[in-house]
Amino acid sequence: MGELQQELVKMVEKVPAFPRSVRRVLQLTADLNYSHKELLRIIEHDPVMTLKILKLVNSVYFGVSGRVASVHQAAVSLGMNTVKNLALSVAARGMLPQVDHGGLQSGPFLLHSVGVGSVARLLGQKVFVSEVVLTECFVAGLLHDFGKVLLSQFVPGEFQKALADARIEGCSLHHAEKKWIGVDHTEVVALLGEKWHLPPGLVLAMRHHHSPESDAPDSIVLHCVRTANQIVKRLQFGDAGSP
């Protein structure tokens, strides 16, 4: 294993494990006949996740009439799938550092991430894939750029140079990352996905969302995430650092 690869592995090892409750949500909902009761039990036993989900559900965005006071009530009002996706969003938001020295702006970054996840799921619905695949579309879109979080956190100086290079030269950020760091965020997020024991198809989509069409595996989740990423960029919804 090369020196750069070893440093990359050390970087990923510093990241906390994907929250156990969210991993259980993924495992449980991979079965189309999963128990809604069990899913609610898992979420309700994570007080932080419950609190943040209720905060989101009661926000203006969802427009729910009356105050939602429990995860069970949220499921009745918005549906189980929405509650499941909110749980995953909460977990992803928790991975963003409070202070970032590499120049990645957490607010715009999160908007971009949630936007790609949501659009990828909508694209999956258009081609009538299963609920399991729709979930993978959402999660892969949500997490596809999280390698940037690690690079910005652990090699901030080099990442700042990559951001500046991409902005000045008008090139893709992943090319600038390769130039200044030696790896790009897709390689980092793939290692992160493996550490978190995410489904292989989900890791594949995160790893190859910038790969040339000829080199990438044929995957509906990958196609949805890649297309969603371009749509969200064109709409200028959020900002993940790449022009």
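Conventions and cut-offs
Residues numbered from 1 in each chain as written. Predicted model: local features only at pLDDT ≥ 70, side-chain atom pairs only at ≥ 80, totals over all residues. Heavy atoms only, no water. Helix = DSSP H or I, 4+ residues; strand = E, 2+ residues; numbered from the N terminus. Buried < 20%, exposed > 50% of the residue type's maximum accessible area, 1.4 Å probe, protein only. Lys, Arg positive; Asp, Glu negative; His and termini not counted. Salt bridge = Lys/Arg side-chain N within 4 Å of Asp/Glu carboxyl O. Contact = heavy atoms within 4.5 Å. Core = buried A, V, L, I, M, F, W, Y, C linked by side-chain atoms within 4.5 Å. Patch = residues over 30% accessible without salt bridge, like charges linked within 9 Å, V, L, I, M, F, W, Y side chains within 5 Å. Areas by Shrake-Rupley, 256 points an atom, 1.4 Å probe, with all protein chains shown as cover. Phe/Tyr/Trp six-rings, centres within 6.5 Å; stacked < 30°, edge-to-face > 60°. Axes fitted to C-alpha atoms, helices over the stretch in contact; angles between N-to-C directions. Parallel < 35°, antiparallel > 145°, perpendicular 65-115°, else oblique. Left-handed = near helix turned anticlockwise from the far one by under 90°. Nonpolar A, V, L, I, M, F, W, Y, C, P; charged D, E, K, R; others polar.

Focus on unusual backbone geometry
- A positive phi angle, near 60°, is found at phenylalanine 128, a position not held by glycine.
- Position of phenylalanine 128 among the secondary structure elements: in the loop between helix H7 (106-126) and helix H8 (131-143).
- One non-glycine residue, glutamine 236, lies in positive phi territory at about 55°.
- Following the sequence through the fold, glutamine 236 ends up in the segment after helix H14 (220-234).
- Here glutamine 236 falls in the exposed class, since its relative accessible area comes to 69%.

With respect to the side chain of aspartate 184
- Looking at where aspartate 184 falls in the secondary structure, it is placed in the loop between helix H11 (173-180) and helix H12 (185-195).
- Despite being buried, aspartate 184 has no salt bridge partner; arginine 207 is the closest side chain of opposite charge, sitting 4.8 Å away.
- If sequence neighbours within four positions are ignored, aspartate 184 has contacts with Leu151, His174, Glu177 and Lys178.

So, the nonpolar core
- Membership of the largest hydrophobic core comes to 71 residues, with the highest contact counts inside it found for Ile43, Ile53, Leu143, Leu151, Val188, Leu198 and Met206.
- At eight residues, helix H6 (residues 80-94) tops the list of elements feeding residues into this core.

What about a nonpolar patch on the surface?
- On the surface, Leu111, Ile231, Leu235 and Phe237 cluster together into a nonpolar patch covering about 370 Å² of accessible area.
- Within the fold, phenylalanine 237 resides in the segment after H14.
- The exposure class assigned to phenylalanine 237 is partly exposed, which follows from its relative accessible area of 41%.

A few points about the packing of aromatic side chains
- Following the criterion strictly, the structure yields one aromatic pair and no others.
- Ring centres of phenylalanine 109 and phenylalanine 146 lie 5.5 Å apart, and the angle between their planes is 65°; this geometry places the pair in the edge-to-face category. Of this pair, phenylalanine 109 sits in helix H7 while phenylalanine 146 sits in helix H9 (residues 146-154), and the two are 37 residues apart along the sequence.
- Accessibility expressed as a relative area gives 0% for phenylalanine 109, which makes it buried.

Examining the environment of alanine 166
- Considering the arrangement of structural elements, one finds alanine 166 in helix H10 (residues 156-169).
- Residue classification places alanine 166 among the buried residues on the basis of a relative accessible area of 0%.
- For the pair alanine 166 and arginine 207, spaced 41 residues apart in sequence, the C-alpha to C-alpha distance is 20 Å.
- Not counting residues up to four positions away in its chain, the partners in contact with alanine 166 are Cys171, Ser172, Leu173, Ala176 and Pro243.

Focus: the packing of helix H3 (residues 36-44) against helix H5 (residues 71-78)
- It is the contact of H3 with H5, at a shortest axis distance of 10 Å, that shows an interaxial angle of 130°. Regarding the angle of H3 to H5, the classification is oblique. Where H3 crosses over H5, the handedness of that crossing is right-handed. Residues Leu40, Ile43 and Glu44 of H3 lie in contact with H5, whose contacting residues are Val71, His72 and Ala75.
- In the contact of H3 with H5, the residues fall into four nonpolar, one polar and one charged.

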